[in-house]
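# Descriptive analysis of the structure
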Amino acid sequence: MLYSKRDVDDFQNIALSESHIISKSTFTMMAGPCAAESRDQVFRTADALAEIGIKVFRAGCFKSRTDPYAWQGSQEEGLKWLDEVRQQYGMKIISEITSFTNYAVVAECSDIIQIGAKAMYDHSLLIESGKAKKPVLVKRGFGTTVTEYLRMIEYILMQGNNDVILCERGIRTFETSTRFTLDLCGAVVMQDVTRLPLICDPSHAAGKAKYVSKLAMAAAALGCDGLIIEVHHNPSEALCDRDQALTIVEYKELHKRISEIVEINGRKII
Ligand code: PEP
Ligand code: MN
């Protein structure tokens, strides 16, 4: 299998070496709102995050909503705001592709292609992103075993794109007190059996802002390679995933604590 562990050099030489988004000596913080809602909202969050030093800005423009009557995202208009963020702050953009119909437009605007937990079984998306010359972050499906997940990842690697980032974002268990269960067991297994970088998404796992920081610190302590966290300048107004969004102040505090944890592991936060 192309995802399998070979030696440490593989990680440094292949995984994201061209993009320098993730490396063995750094710890990558990706942050931003769940969705790009308006130009004002995007810029308020991006401005605050740029000040903290965030280099990778996340925001979905095509949203994969469970409720078909819910707001479906700012779509092409939102992508233009993200492009402006890139120009203004020099941040890399990560945005989610939800179906083949929006693949081309989102991939073009993104520095990192995001394939979400619901879309990760879409072979056409995996194969197409495998042909792209950009990093691809694939979230683990919430009903997907580690083995099944890594098999799906192989579809990308087979096409020649080695810049793949794994993302543990919580799986569905019998426990309902959090939105999903962050599978830290799965995370350590993935670190053991693959050579690919792994980041954690405590926001979607927790589903509640007050639990996000502790899960983020646990993930950082176990040696994952980064975090993707939802932040909103005013969570009570968020159009999507409102309950799990951190405020800027909460995120700033978390960023400081994560930086201390990763330094103990010999890594520098970026
Ligand atoms: C998201 O990142 O906003 C998202 C929809 O995540 P997931 O695919 O993990 O549900
Ligand atoms: Mn979200």
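Rules used throughout
Residues numbered from 1 in each chain as written. Chains lettered and ligands numbered in written order. Predicted model: local features only at pLDDT ≥ 70, side-chain atom pairs only at ≥ 80, totals over all residues. Heavy atoms only, no water. Helix = DSSP H or I, 4+ residues; strand = E, 2+ residues; numbered from the N terminus. Salt bridge = Lys/Arg side-chain N within 4 Å of Asp/Glu carboxyl O. Buried < 20%, exposed > 50% of the residue type's maximum accessible area, 1.4 Å probe, protein only. Donors = N, O, S within 2.8 Å, 3.2 Å for Na, K, Ca; no water. 1 Å grid on protein atoms, 1.4 Å probe; cavity = no way out; pocket = protein on both sides within 12 Å on 5 of 7 lines; lining within 4 Å. Points joined across faces, edges and corners; volume = space filled by probe spheres on them. Nonpolar A, V, L, I, M, F, W, Y, C, P; charged D, E, K, R; others polar. Polar contact = N/O pair within 3.5 Å; in protein donor to acceptor, adjacent residues only side chain to side chain. Contact = heavy atoms within 4.5 Å. Patch = residues over 30% accessible without salt bridge, like charges linked within 9 Å, V, L, I, M, F, W, Y side chains within 5 Å. Areas by Shrake-Rupley, 256 points an atom, 1.4 Å probe, with all protein chains shown as cover. Axes fitted to C-alpha atoms, helices over the stretch in contact; angles between N-to-C directions. Parallel < 35°, antiparallel > 145°, perpendicular 65-115°, else oblique. Left-handed = near helix turned anticlockwise from the far one by under 90°. Near = heavy atom within 4 Å. Sits in = over half its atoms within 2 Å of the grid points.

## Section: unusual backbone geometry
- Even without being glycine, glutamine 75 reaches a positive phi, approximately 55 degrees.
- In this structure, glutamine 75 sits in helix α3 (residues 75-89).
- Although it is not a glycine, aspartate 241 sits at a positive phi angle of roughly 50 degrees.
- Take aspartate 241: it is sitting in the loop between β8 (226-230) and α10 (248-264).

## Notes on the pattern of salt bridges
- All chains considered together, the criterion is met by twelve salt bridges.
- A salt bridge links aspartate 241 to arginine 179; its shortest N-O distance comes to 3.2 Å. Linking aspartate 241 in the loop between β8 and α10 with arginine 179 in the loop between β6 (164-168) and α7 (184-193), this pair joins segments that are 62 residues apart in sequence.
- With a relative accessible area of 38%, arginine 179 lands in the partly exposed category.
- Among the ionic contacts, a cluster of salt bridges with common partners joins Asp83, Arg86 and Asp111.

## What about the coordination of the manganese ion (ligand 2)?
- The coordination sphere of the manganese ion (ligand 2), as far as protein atoms go, consists of Cys34 (SG), His204 (NE2), Glu230 (OE) and Asp241 (OD), spread over 2.1 to 2.4 Å.
- Of note, the donors binding the manganese ion (ligand 2) are all from one chain and are spaced C-x169-H-x25-E-x10-D. You can see cysteine 34 sitting in the loop between β1 (26-32) and α2 (39-52) and its partner histidine 204 sitting in helix α8 (residues 202-206), a full 170 residues away along the chain.

## Digging into the layout of surface pockets
- A volume near 420 Å³ is recorded for the largest pocket.
- The wall of the largest pocket is formed by 22 residues, among which Ser64, Lys118, Arg169, Arg179 and His204 lie closest to the centre.
- Here the lining of the largest pocket is composed, by residue class, of six nonpolar, five polar and eleven charged.

## Some points on the side chain of aspartate 201
- With respect to the helices and strands, the residue aspartate 201 is situated in the loop between β7 (198-200) and α8.
- Judged by its relative accessible area of 1%, aspartate 201 is buried.
- In this structure the side chain of aspartate 201 is engaged in a polar contact, spanning 2.7 Å, whose partner is the side chain of lysine 139.
- Those residues in contact with aspartate 201 that sit more than four places away from it in its chain are Lys139, Cys167, Glu168, Arg169, Leu182 and Ile228.

## Some remarks on the environment of threonine 194
- Its location among the elements puts threonine 194 in the loop between α7 and β7.
- Taking the C-alpha atoms as reference points, threonine 194 and tyrosine 3, 191 residues apart in sequence, are found 5.3 Å from one another.
- Polar side-chain contacts of threonine 194 include one of 3.1 Å to the backbone nitrogen of leucine 196.

## Comments concerning a nonpolar patch on the surface
- A contiguous nonpolar surface patch, about 190 Å² in accessible area, is contributed by Val188, Val189 and Val193.
- The residue valine 189 is located in helix α7 in this model.

## Looking at the packing of α2 against α3
- At a minimum axis distance of 10 Å, the contact between α2 and α3 shows a crossing angle of 30 degrees. Viewed along their axes, α2 and α3 adopt a mutual orientation that is roughly parallel. Crossing of α2 against α3: the hand is right-handed. Residue-level inspection shows Arg39, Val42, Phe43, Ala46, Asp47 and Ala50 of α2 in contact with α3, the latter providing Trp81, Leu82, Glu84, Val85, Gln88 and Tyr89.
- Across the contact of α2 with α3, the residue classes tally to eight nonpolar, one polar and three charged.

## Thoughts on the site of ligand 1
- If you check the shell around ligand 1, you find Cys34, Arg58, Lys63, Glu96, Gln114, Gly116, Ala117, Lys139, Arg169, His204 and Glu230 and nothing else.
- Here an oxygen atom of ligand 1 and a side-chain polar atom of glutamate 230 are 3.2 Å apart.
- Comparing atom positions with the cavity grids shows ligand 1 to sit within the largest pocket.
- Looking at the shell around ligand 1, its residues break down into two nonpolar, three polar and six charged.

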